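Listed below are the residues making up each chain.
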Amino acid sequence: MSKEQLRIIQVGLGGWGWSWTQVVLDSPHWDLAAIVDLNQSLLDKACDYYRLNPNIAFKSLTDAIQNVQADAALIVVPPDYHAEVAIEALENKLHCIVEKPLAGTISDSLKIVEAAERNGRKLMVSQNYRFKRAPQTVKKVIQQNVIGELGSVYINFQKSPRFTGFRTEMDEPLITDMAIHHFDQIRGILGLEPVSIKAYSWNPKWSWFKGNAVASVLFEMSNGAVVSYTGSWVSRGWETTWDGDWRIQGEEGEIYWANNQVIVKPHDIFKSVFMEGAIESNGVLIVDLVKLEAEERWASLKEFADSIRENREPESSGKDNLKSLAMVLGVIESVKTDKTVLIQDILKV
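Residues numbered from 1 in each chain as written. Predicted model: local features only at pLDDT ≥ 70, side-chain atom pairs only at ≥ 80, totals over all residues. Heavy atoms only, no water.

*Asks:* Quick question: what am I supposed to make of the packing of aromatic side chains here?
*Replies:* Note on aromatic pairs: each is described by the distance of the centres and the angle between the planes. What the rule picks out here adds up to 12 aromatic pairs. Ring centres of Phe157 and Trp242 lie 6.0 Å apart, and the angle between their planes is 40°; this geometry places the pair in the tilted category. Placement of Phe157 in strand 7 (residues 150-158) and of Trp242 in the loop between strand 10 (226-232) and strand 11 (245-250) is noted, with a sequence separation of 85 residues between them. Trp242 gets classed as partly exposed once you look at its relative accessible area, which sits at 32%. Seen in terms of ring centroids, Phe183 and Phe219 are 5.0 Å apart; in terms of plane orientation they differ by 80°. Their pairing is edge-to-face. In this pair, Phe183 is assigned in helix 7 (residues 173-188) and Phe219 in strand 9 (residues 214-221), connecting sequence segments 36 residues apart. Residue classification places Phe219 among the buried residues on the basis of a relative accessible area of 1%. Connected via pairs of aromatic rings, a cluster forms that spans Phe163, Trp208, Phe209 and Trp233. Directly above the ring of Trp18 sits Lys45, whose terminal nitrogen or CZ lies 5.0 Å from the centroid. (Phe/Tyr/Trp six-rings, centres within 6.5 Å; stacked < 30°, edge-to-face > 60°. Helix = DSSP H or I, 4+ residues; strand = E, 2+ residues; numbered from the N terminus. Buried < 20%, exposed > 50% of the residue type's maximum accessible area, 1.4 Å probe, protein only. Lys NZ or Arg CZ within 6 Å of the ring centre and 35° of its normal.)

Here it is, written out as C-alpha cells:
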C-alpha cells in the first residue's frame, strides 16, 4: 500500500474524543472520512469548530459506513460500548484503533480480538504513553543492558486533576482510568510481565471523587522482580508529571526517570564516567532523549497506519493489550477481595 493517507471514521466526540478530532486532522497519515456521535448538537458543534462538511457527520456508525469510504475506525466512546462499536466496525472490514481500555471486561475484549482475527483486520489500543521520548529512552537503556536484569521498580504518581463527569462517579477512578497507562508502560517500556498482584486503594476525606482516588499496588513479575506502584489523583502537595516518577533498579545500577529526564546511576563507579549518548554529571549519567518522528496520539496514529501498510501487528495490539487490561482488572479484584490475584486467573473467562 502506498503512503497516501488512509481514511478513518471517528466514533465518539465527547470529552477526550473532542480533542482526538484535531489529532486526526493534523496527522499526515490519515484523512478524516466521517465523525459519529449520538448527540446531534455535538456533531453540529464539531462541524462548525473544525470546519467540517456536515455531510460527513452521522449519528450512527452504520450510517457512516453506508455513506462514506473508509479504511478504519477510531473508537472513542465510553469503555462499556467499545465492544459493540468495534465489532460492528470490524465486521464491516474496517481496521480499528480503540482508546484505552480495550473494553470494560476481559470477555468483551476477547470478543473484539476474535472479531479482528476473524475479519483479518488490524486492532490497536491507543496506549499513547508508550510513544514519548522519555519512556522510549528508558526502553533503549534497558535493552542496552546498562543496568542488567531488573529486580526492583518503584513508581510514584501524584496529581490533582479537577475532573467532572464519569470519572468522578467510578468506583476506582485512578486505577481504571489512569493507572492503565503506567501498568502498560511496565510491560511495553520495561519489558516485564506480571504474574501476581496485591493491591489496596482508599479515598481521602478531601477527595472530590466518589470512588477510591489513591492506590498502592505490588506486582510480582515473571522474572522474579517486584514493582511497587503508588498513585494519587487527589495529591495535597507535590505533583509528578503524568508519567510519574520511576526508579528502576537492576543488578548493575538504577535508571531514574522523572520530569521528562532520564538519569542512569551505574553501580560500578568506573562505568559512571562515560556512556554513549549521555553526559556525566556528579557521578550520574544524564541520557539524551531519543528522537521520534511523532509522539503521543500522533505516534499512535502513525504506528496504526504503518501496521496496515506493512501488514503486521501494531505495537499495543488488541491481543497484546489484554495483558495490560488484566493488570487493571487484577488490581480491582485484589482491592475487592483483599487477596493476592494471579494474572492467569484474570485472563480466564
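That covers the picture; the talk isn't over yet.
*Asks:* Explain the sheet that holds strand 4 (residues 72-75) here, please?
*Replies:* If you trace the 6 strands from one edge of the open sheet to the other, you get 3-2-1-4-5-6, paired in parallel fashion. Every other strand in the sheet has two partners, leaving strand 3 (57-58) and strand 6 (123-126) as the edge strands with one partner each. Across the sheet, helix 1 (residues 16-26) is in contact with strand 1 (6-11), strand 2 (30-36), strand 4, strand 5 (95-99) and strand 6; its angle to strand 1 comes to roughly 170°. Sheet contacts for helix 8 (residues 296-309): strand 1, strand 2, strand 4, strand 5 and strand 6; angle to strand 5, the most-contacted strand, approximately 160°. (Pairing = 2+ DSSP bridges. Contact = heavy atoms within 4.5 Å. Axes fitted to C-alpha atoms, helices over the stretch in contact; angles between N-to-C directions.)

*Asks:* Explanation requested: the side chain of Asp243 in the structure shown.
*Replies:* Within the element layout of this structure, Asp243 appears in the loop between strand 10 and strand 11. For Asp243, the side chain forms a polar contact with the side chain of Gln185, separated by 3.5 Å. Look past the residues within four positions of Asp243 in its chain and what remains in contact with it is Tyr129, Lys132, His182, Gln185, Trp257 and Asn260. (Polar contact = N/O pair within 3.5 Å; in protein donor to acceptor, adjacent residues only side chain to side chain.)

*Asks:* What is the right way to look at the nonpolar core in this model?
*Replies:* Soluble, globular proteins show a tendency: their nonpolar side chains are buried together. Formed by 59 residues in total, the largest nonpolar core has its most connected members in Ile8, Ile9, Trp30, Ile35, Ile75 and Cys96. Here this core gets 6 residues from one element, more than from any other, and that element is strand 2. Sequence-distant contacts of Trp30, defined by excluding residues within four places in its chain, comprise Gln5, Leu6, Arg7, Ile8, Val24, Ala72, Leu301, Phe304, Ala305 and Ile308. Counting 55 residues, the second-largest nonpolar core is a separate cluster that includes Ile147, Phe157, Val227 and Met327. (Core = buried A, V, L, I, M, F, W, Y, C linked by side-chain atoms within 4.5 Å.)

*Asks:* What exactly am I supposed to notice about unusual backbone geometry here?
*Replies:* Comment: phi is negative for the bulk of residues other than glycine, and the bulk of peptide bonds are trans. At the junction of Lys100 and Pro101, the peptide bond is cis and its omega measures out at -10° in the coordinates. Of note in this structure, Arg51 is not a glycine but carries a positive phi near 60°. Tracing the sequence through the fold places Arg51 in the loop between helix 2 (40-50) and strand 3. Arg51 sits in the exposed class, given a relative accessible area of 78%. One non-glycine residue with positive phi stands out, namely Asn311, at about 50°. Structurally, Asn311 is set in the loop between helix 8 and helix 9 (318-337). The exposed category is assigned to Asn311, whose relative accessible area is 61%.

Function cannot be inferred from these measures alone, as they are strictly geometric.
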